[in-house]
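As a plain string of letters, each chain reads:
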Amino acid sequence: MSMGKRKRERQPTMWVATTELPTPAGHPFYARLNQLLAEHGFEEVVEARCAPFYADQQGRPGLAPGIYFRLLLIGYFEGIGSERGIAWRAADSLTLRDFLGLTLPEAPPDHSTLSRTRRLIDLETHRAVFTWVLQCLGDAGLVKGQTLGIDATTLEANAALRSIVRRDTGETYEAFLTQLAQASGIETPTRADLARLDRKRRKKGANKDWTHPHDPDARITKMKDRRTHLAHKAEHAVDLDTGAIVAVTVQGADRGDTTTGPETLAEAVDQLEAVAATTDRPIATGTEIVEDKGYHSREALRELQANGFRTYVSEPDRGPQSWTGQAAARDAVYANRRRIRGARGKRLQRRRGELLERPFAHLFETGGLRRTHVRGHVNVGKRLLLHAAAFNLGLFMRRLTGVGTPRSLQGRLVAAVGLVAAIWNAVTAIVAAEPPARPDQPRTIAPIHPFYPRPMIS
């Protein structure tokens, strides 16, 4: 056989029939996910919901709602935060083309079409899609609603801190520092002078004085890694019996947990009521609330107890407190203290660390949304709602197939191959260590010992 050589110059074929092109096997995760969405009528639901945003006859055909929402789901499953990256990934993968329902002559939408469709469809429609996914989980028994955990994290905004301006005059931060330097006696301050002057100032990043001209919703805050950025606050309510996300809200990053927690709880109750209205399974509307120390305050606990909730909120060490004229708040704080010290309270706190922190890692670390690529609470909320809906679909897929993301399926295959290799190595080592039998010493069976139920082989 002669060695084949690659041709340097090739004349491309002018016409190629699509039926003659090789069709690779799609990813089994996306194939099963598409089957799941089709069984529950995903296309019909989103098209009926998005019909008011599309014209009947005028204009060129827009991006189909089913394709649009699938693209946002891809952002979670592939760990891509930007819409430009989602469009690139969809154009590069035949598997994702198949998931979107596109044939080879059809091109997936570019990032500008994706972003324009996002601006076209309102926030309530995105929330309705999230609710529909949650209702599917309720039908499958993956929503209980008895015990809810609430926690929040910060998302880095798509805005640079150096571009902030004063709220009253619109003056930039550098111009403001220049005026301070000139007032202190430095006629032509350098960048080093401005940095030295700014380093000595206290409370220089007050949100009441500064804002970003292109993202007014972003707030100056300290991130989890202790760096200061413009950021948004994402708060979740999670069903601690199943791990499903039942509510998502976007708040100002400078707001405290005790002020945003009631809003997220109210959203969670509305979502659970919507799930209970469409399923025959018993769904509670949150009777137990589990939170960390940031949500502990006497007023917040008093309101929760007055509304019929049992609280399991970790209590910070505040020392002796005065309860003069605050009998209701005292009773709520003391009752919460007794509950968190009990066996159930400790068990719920451990479950909170497991099931409430895990969605943050999936959505923002491996999901690629720790830094937002859109601006404003409305746009961030749209991306976050579909990200959380994809996380819930991952729970549903884990119930059906054992894996919740496409990458988990790859990990299962690697683990299976590793297990087979380990068993083979162990068997090989045992066979190699066994001494060969001598022809003149045949193997004999020893008499049965009274302490052994089986005969020993010597």
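See the structure printed just above.
First things first, this report covers the structure right here in the doc. Quick caveat, the model's predicted, so the values are computed rather than measured.

**Comments concerning the nonpolar core**
Of all hydrophobic cores here, the largest spans 85 residues; its most connected members are Leu-33, Leu-71 and Phe-77. If one sorts the elements of this core by residue count, helix 15 (residues 377-401) sits on top with 12 residues. Setting aside residues no more than four positions away along its own chain, Leu-33 makes contact with Phe-77, Phe-99, Leu-393 and Met-397. Ala-157, Ala-159, Trp-210 and Ile-220 belong to the second largest nonpolar core, which has 12 residues in total.

**Some remarks on the pairing of strand 6 (residues 245-252)**
Where burial is concerned, most of strand 6 is hidden: eight out of the eight residues are buried. Pairing of strand 5 (residues 228-239) with strand 6, which is carried by seven bridges, proceeds in the antiparallel orientation. Across the sheet, His-232 pairs through a bridge with Gly-252, a residue of strand 6. With antiparallel pairing between neighbouring strands as the criterion, strand 5 and strand 6 make up a hairpin whose turn holds five residues, including Gly-243 at a positive phi of roughly 90°.

**Section: the layout of surface pockets**
By volume, the largest pocket is sized at about 360 Å³. Considering every element that reaches the lining of the largest pocket, the biggest residue donor is helix 6 (residues 111-120), with four residues.

**A word on the packing of aromatic side chains**
For the coordinates displayed, the defined rule picks out 12 aromatic pairs. Note on Phe-29 and Tyr-30: the rings are 5.7 Å apart at their centroids and 85° apart in plane angle, and the pair reads as edge-to-face. The class of Phe-29 is buried, set by a relative accessible area of 2%. Seen from their ring centres, Phe-29 and Phe-77 are 5.3 Å apart, and the 70° between their planes marks the pair as edge-to-face. Residue Phe-29 is located in helix 1 (residues 28-39), and its partner Phe-77 is located in helix 3 (residues 65-77); the two are separated by 48 residues in the primary sequence. Joined through ring pairs, the aromatic side chains of Phe-29, Tyr-30, Tyr-76, Phe-77, Phe-99 and Phe-391 make up one cluster.

**Here's the deal with a nonpolar patch on the surface**
On the surface, Ile-423, Val-427 and Val-431 cluster together to form a nonpolar patch covering roughly 270 Å² of accessible area. Position of Ile-423 among the secondary structure elements: in helix 16 (residues 406-433).

**What about helix 14 (residues 358-365)?**
Of the positions making up helix 14, those classed as buried are Pro-359, Phe-360, Leu-363 and Phe-364. Projected onto a plane normal to the axis of helix 14, the buried residues spread over an arc of 100° and lie on a single side.

Each value, and the rule that gives it
- Residues numbered from 1 in each chain as written.
- Predicted model: local features only at pLDDT ≥ 70, side-chain atom pairs only at ≥ 80, totals over all residues.
- Heavy atoms only, no water.
- Core = buried A, V, L, I, M, F, W, Y, C linked by side-chain atoms within 4.5 Å.
- Buried < 20%, exposed > 50% of the residue type's maximum accessible area, 1.4 Å probe, protein only.
- Helix = DSSP H or I, 4+ residues; strand = E, 2+ residues; numbered from the N terminus.
- Contact = heavy atoms within 4.5 Å.
- Pairing = 2+ DSSP bridges.
- 1 Å grid on protein atoms, 1.4 Å probe; cavity = no way out; pocket = protein on both sides within 12 Å on 5 of 7 lines; lining within 4 Å.
- Points joined across faces, edges and corners; volume = space filled by probe spheres on them.
- Phe/Tyr/Trp six-rings, centres within 6.5 Å; stacked < 30°, edge-to-face > 60°.
- Patch = residues over 30% accessible without salt bridge, like charges linked within 9 Å, V, L, I, M, F, W, Y side chains within 5 Å.
- Areas by Shrake-Rupley, 256 points an atom, 1.4 Å probe, with all protein chains shown as cover.
- Salt bridge = Lys/Arg side-chain N within 4 Å of Asp/Glu carboxyl O.
- Arc of directions from axis to C-beta.

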